[in-house]
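# Residue-level structure breakdown
One letter stands for each residue in the lines below.
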Amino acid sequence: MSVETAPAAAYAAAPRDDSERRARLLTGLSVLAALVVCAVFVLWDLPSAWEYVLELRARKVAALALVAVAVAVSTVLFQTVTANTILTPGIMGFDALHLLIATLVVFTVGSGANAVTSADGARALWALETTLMVVVVALLSQWLFVGARRDLHVLVLVGIVVGTLFRSVTSLLQRMLDPTQFAVLQDSFFASFNTVDETLLGLSAIAVGLTLAAVFRLRATLDVLALGREVATSLGVDHRRTVMGVLVAVAVLVSVSTALVGPITFFGLLVAHLAYRVVGHRHRHSLPTAAALAVVTLVLGQLLLERVFSYATGLSIIIDFAGGVLFLALVLRRSRR
């Protein structure tokens, strides 16, 4: 039996008690709620000429669901390898890299900045951002979490410094742009689900789907990994290789979702803690539940924003505000212990 399958076999042999059945039920209900909310978003109040509107709504809900799943799963995975439930890839400064890359592209092309917003330019920018973000995030994550142990405060400090560095360079470059070039960048400042390219959506779905398939095969190994380096190693897990594989998966999910619609900093923290509260920390339940709750939150929020509040504000602003409040509450609660 291989190193990766040994922990999985041990967990598969564990008895299923009442809490396990309850977690499975709640996971199923969360997935069902996500499907119902998506159906309501697409079918509610269709006009007489429904064909065109149905296509637009289906594309938007697909983008919402894809980003929700990618952000939720990447957050749960990141918290597993860091052994801390208040850290997210966004807090560590990874999302800031998206704005830096977009700014660098517009700054470099100069007078051709408007070409970035075209279909071919957007696809090329997506490919460039995804590739660079995967490479940079993987290298940074390897330095942070693989090899010598590093104190949690050092990790947070490094993340803040890296994020500040990315934002400072981005701000400097933006000040050097003319107003026309700067206007091209404005859509990258906040997450947007209204102008998602169909080709990019398909490519993103393939990348996220392959990553999720690989991650879900390691769900039992992730439970062992969450017990700590010593325990995981004693149970036969190759800690270094497993952590690097998980971090590469996080890099793919973060880069694809951010390059597709833009950054959503605290959204993952919000849905991950909802999943922990509902079904616990076992990954066979927390991963699908976090993904389903993320879909419900994004799709329902977009539905209320469009049909009730008439685009009075941005969805990402509301989500980041709620997630930021939760992050501060978690930090303050830990400081009292």
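Parameters at a glance
- The numbering scheme is per chain: residues are counted from 1 as the chain's sequence reads.
- pLDDT decides what is reported in this predicted model: residues at 70 or higher carry local features, side-chain atom pairs at 80 or more are listed and counted, and totals for whole chains, interfaces and linings draw on all residues regardless.
- Think of the side-chain values as coming from all heavy atoms in the structure, minus any hydrogens and water.
- Secondary structure counts use DSSP, requiring at least four H or I residues in a row for a helix and at least two E residues in a row for a strand, with both numbered from the N terminus.
- Here the term buried applies to any residue with accessible area under 20% of the maximum for its type, exposed to any over 50%, and partly exposed to those in between, with areas from a 1.4 Å probe on protein chains only.
- Should any heavy atoms of two residues lie within 4.5 Å, those residues are considered in contact.
- All accessible-area figures derive from a Shrake-Rupley calculation using a 1.4 Å probe, and residue coverage is judged against the displayed protein chains alone.
- For the purposes of this section, nonpolar cores are sets of buried Ala, Val, Leu, Ile, Met, Phe, Trp, Tyr and Cys residues that join through side-chain atoms within 4.5 Å.
- On a range of 0 to 100, pLDDT expresses the predictor's confidence in each residue.
- Within this analysis, patches are made of residues with over 30% relative accessible area and no salt bridge. Like charges are joined at 9 Å or less; nonpolar side chains (Val, Leu, Ile, Met, Phe, Trp, Tyr) at 5 Å or less.
- What counts as a salt bridge is simple: a side-chain nitrogen of Lys or Arg found within 4 Å of a carboxyl oxygen of Asp or Glu.
- What a helix is expected to span follows from its residue count: subtract one and scale by 1.5 Å.
- Polar contacts, as used here, are pairs of N or O atoms within 3.5 Å; protein pairs need one atom able to donate a hydrogen and one able to accept it. Residues neighboring in sequence count only if both atoms are side-chain atoms.
- Only the stretch in contact is used when fitting a helix axis, every axis being a line fitted to C-alpha atoms; angles between N-to-C directions are given from 0 to 180 degrees.
- We call two directions roughly parallel when the angle between them is under 35 degrees, roughly antiparallel when it is over 145, roughly perpendicular when it lies between 65 and 115, and oblique otherwise.
- A clockwise turn of the near helix away from the far one marks a right-handed crossing, whereas an anticlockwise turn of less than a right angle marks a left-handed crossing.
- Residue polarity is assigned by list, with Asp, Glu, Lys and Arg as charged and Ala, Val, Leu, Ile, Met, Phe, Trp, Tyr, Cys and Pro as nonpolar; anything else, Gly included, falls into the polar class.

When its secondary structure is counted, the chain shows 14 helices and zero strands. With 337 residues in all, the chain has 48% of them scored as buried. Contacts in the chain between residues at least 24 apart in sequence constitute 79% of all its contacts with a sequence separation of at least 6. Only carbon and sulfur atoms are counted for the fraction: they give 67% of the accessible area of the chain, which is about 16,300 Å².

So, on to the nonpolar core. Of all hydrophobic cores here, the largest spans 71 residues; its most connected members are L77, L260, F267, V295 and V299. Here the element with the most residues in this core is helix α3 (residues 50-82); it accounts for 16 residues.

The next subject is the confidence of the model for the chain. Residue-level pLDDT values for the chain average 76, and 71% of them are 70 or greater. Here helix α1 (residues 5-12) stands out as the element of the chain with the lowest mean pLDDT, 43, in contrast to helix α2 (residues 18-43), whose mean of 90 is the highest. Considering only residues more than four positions removed or in separate chains, one finds that residues 1-15, a stretch of pLDDT under 50, has 20 contacts.

A cluster of nonpolar side chains, namely L25, L29, L32, V36, V40 and W44, defines an oily patch on the protein surface of about 560 Å² accessible area. Along the polypeptide, L32 turns up in helix α2.

On to the pattern of salt bridges, then. One pass over the full model with this rule turns up five salt bridges. R284 is the partner of E20 in a salt bridge, and the nearest nitrogen-oxygen pair spans 3.8 Å. With a gap of 264 residues between them, E20 in helix α2 and R284 in helix α13 (residues 283-307) connect regions that are remote in the sequence. Measuring nitrogen to oxygen at the nearest pair gives 3.4 Å for the salt bridge that ties R59 to E55. On the criterion of helical spacing, the pair formed by R59 and E55 is a turn pair, its members being four residues apart in helix α3. Owing to a relative accessible area of 44%, E55 belongs among the partly exposed residues under this scheme. Here the salt bridges do not stand alone but share partners, grouping E20, D223, R282 and R284 into one network.

The next thing to look at is helix α11 (residues 239-261). The end-to-end C-alpha separation of α11 is 33 Å, in line with the 33 Å expected for 23 residues at 1.5 Å each. Here α11 lies mainly inside the structure; 19 of its 23 residues are buried. Backbone nitrogen of R241 and a side-chain oxygen of the N-cap are separated by 3.4 Å at the start of α11; the cap is D238.

What follows is about the packing of α2 against α13. Across the interface, α2 lies against α13 with an axial gap of 8 Å and an inter-helix angle of 25 degrees. Here α13 runs roughly parallel to α2, going by the angle between their axes. The crossing of α2 and α13 is left-handed. Residue composition of the contact of α2 with α13, by class: 16 nonpolar, five polar and five charged.

When you line up the elements, V42 lands in helix α2. With near-sequence residues (within four places) excluded, V42 lies in contact with L54, R57, A58 and V61.

A separate point is the packing of α3 against helix α8 (residues 198-217). Running from N to C, α3 and α8 cross one another at 35 degrees; their axes reach a closest spacing of 10 Å. Crossing angle aside, the handedness with which α3 passes α8 is left-handed. Contact residues: α3 offers R59, A62, A63, L66, V69, A70, V73 and L77, while α8 offers E198, L201, S204, A205, V208, L212 and V215. Taken together, the residues of the contact of α3 with α8 break down into twelve nonpolar, one polar and two charged.

What follows covers helix α4 (residues 96-109). Helix length check: α4, at 14 residues, gives a terminal C-alpha distance of 21 Å against a target of 20 Å (1.5 Å per residue), a fit within 8%. Extensive coverage of α4 is indicated by the burial of ten of its 14 residues.

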